[in-house]
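# Reading the structure
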Amino acid sequence: MLREGAVTLRPYALRDASAWSKVRRANETWLAPWEPLPLGSWRELNSPASFRAVYRELRKSARAGTAMPFAICFADGDARPRLVGQITIGNIVRRAFCSAYVGYWVDARVAGRGIMPTAMALAVDHAFANGGLHRIEVNIRPENTASRRVVEKLGFREEAFHQRYLHIDGAWRDHIGYALTQEEVTADGGLLARWRRSRSQAHSA
Ligand SMILES: CC(C)(COP(=O)(O)OP(=O)(O)OC[C@H]1O[C@@H](n2cnc3c(N)ncnc32)[C@H](O)[C@@H]1OP(=O)(O)O)[C@@H](O)C(=O)NCCC(=O)NCCS
C-alpha cells in the first residue's frame, strides 16, 4: 500500500466490484470523453460483473509484469477511505526501454483536491524505486486541460504531438505526449518530494 495524507493507493480486490461500479456509473459524462472503451453501453461496461473481468485482466497483466494497477482511495475528513479512482502504469516494456504509459481517472465529486498529482507521484516513485522502470509517459488530449495540469504541476516534459493517436469518444484523437525519466526526479529526492515542495510553495505564496 502507498500512502500520502488522505490518499491511498492499493491493489484492487474482488470486493471493490460494487463501489467501482457505483463510482464509474455516476461519472459517465465526466469520463467518457477521455477514455478508450470497447463497444457497449456505459452502464453495462461499468457493471459489477464487468469489474470482475477488468479485475482479472489487470491481475493477469500485473502478474506478467506488464502493468502496475492501483485503486485510489480517499479519506474525506474523518470518513473511512473510499474508492475514488484508478491509476495504472501500463504497457510496460523492459529490456533497454524500461518504460511505461500511465492512465488515470478520479470521481468528479472529489476533483480539484490534488488527489491525482499525489497518486501519480506515489505511483511513479514506486515504479522507479521498486518496479525497475526508467521512463514514464502520459498521453493527453489537448482539450483535457485538467489532465494536462496534473502533469504540468509535477514537472513532466512535453515532448511529442501524436496525430490521430487513440480512438476515443467516437473518433481518432490527437494527443500531447509528456514524459519523465528517473534521473529528473532523483535529483529532486523523488516525485512526491517535488510535489510536496511545489504544494507548500503554492500555499505560502
Ligand atoms: C484529470 C483528473 C484525473 C485530475 O484529477 P484531480 O485529482 O482533480 O487533479 P487536481 O486536483 O490536480 O486538478 C487538476 C486540474 O483540474 C481542474 N479542476 C479543479 N477542480 C475541478 C473541478 N471541480 N472540475 C473540473 N476540473 C477541475 C483545475 O484546472 C486543476 O488544475 P489547477 O490545480 O492548476 O487549478 C480528473 O480531472 C479526471 O479524472 N478527469 C476525467 C478523466 C481524465 O481526464 N483522465 C485522464 C485522461 S489523460
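The structure this text deals with has already been given above.
Now for a quick tour of the structure. Each chain carries its own residue numbering, running from 1 in the written order of its sequence. Reporting in this predicted model follows two pLDDT cut-offs: at least 70 for local features of residues, and 80 or more for side-chain atom pairs to be given and counted; totals over whole chains, interfaces and linings ignore these cut-offs and use all residues. Only heavy atoms go into the side-chain values, all of them from the structure, while hydrogens and water stay out.

Right, let's talk about the pairing of strand S6 (residues 135-140) for a bit. Summarising burial for S6: 6 of the 6 residues are buried, a large majority. Partly exposed describes any residue whose relative accessible area lies between the buried limit of under 20% and the exposed limit of over 50%, with all areas from a 1.4 Å probe on protein chains only and scaled to the type maximum. The secondary structure listing takes helices from DSSP runs of H or I that are at least 4 residues long and strands from runs of E that are at least 2 residues long, numbered from the N terminus. Burial of the side chains of S6 extends over both faces: Arg 135, Glu 137 and Asn 139 are buried on one face and Ile 136, Val 138 and Ile 140 on the other. One bridge is not enough; two strands pair if DSSP finds at least two bridges between them. Direction of pairing for strand S5 (residues 99-106) relative to S6: parallel, over a ladder of 3 bridges. Residue Ala 100 lies in a different strand from S6, and its bridge partner there is Ile 136. Of the pairings in the sheet, the one linking S6 to strand S8 (residues 171-181) comprises 6 bridges and is antiparallel in character.

Assignment of secondary structure puts His 175 in strand S8. Here Arg 173 takes part through its backbone oxygen, which lies 3.0 Å from a polar atom of the side chain of His 175. Contacts: residue pairs with any heavy atoms within 4.5 Å of one another. Not counting residues up to four positions away in its chain, the partners in contact with His 175 are Asn 139, Ile 140, Arg 141, Pro 142, Ala 160, Phe 161, His 162, Tyr 165, Leu 166 and Ile 168. N or O atoms within 3.5 Å of each other form a polar contact, as long as, within protein, one can give a hydrogen and the other can take it, and as long as residues adjacent in sequence are counted only when both atoms are side-chain atoms.

Turning next to the packing of aromatic side chains. Pairing of aromatic rings covers Phe, Tyr and Trp, the last through its six-membered ring, and needs centres within 6.5 Å; plane angles under 30 degrees mean stacked, over 60 mean edge-to-face, and all others mean tilted. Taken as a whole and assessed by the stated rule, the structure comprises 3 aromatic pairs. Ring geometry for Tyr 12 versus Phe 51: centroids 5.3 Å apart, planes at 75°, classification edge-to-face. Of this pair, Tyr 12 sits in the loop between strand S2 (7-10) and helix H1 (17-25) while Phe 51 sits in helix H4 (residues 48-64), and the two are 39 residues apart along the sequence. Its relative accessible area of 9% is what places Tyr 12 among the buried residues. Phe 51 gets classed as buried once you look at its relative accessible area, which sits at 0%. With a centroid separation of 5.3 Å and an interplanar angle of 50°, the aromatic rings of Trp 20 and Phe 51 are classed as tilted. Note that Trp 20 is positioned in helix H1 and Phe 51 in helix H4, a separation of 31 residues in sequence. Accessibility assignment for this pair places Trp 20 and Phe 51 in one class, buried. Ring-pair connections join several aromatic residues into one group, and the members of that group are Tyr 12, Trp 20, Phe 51 and Tyr 55.

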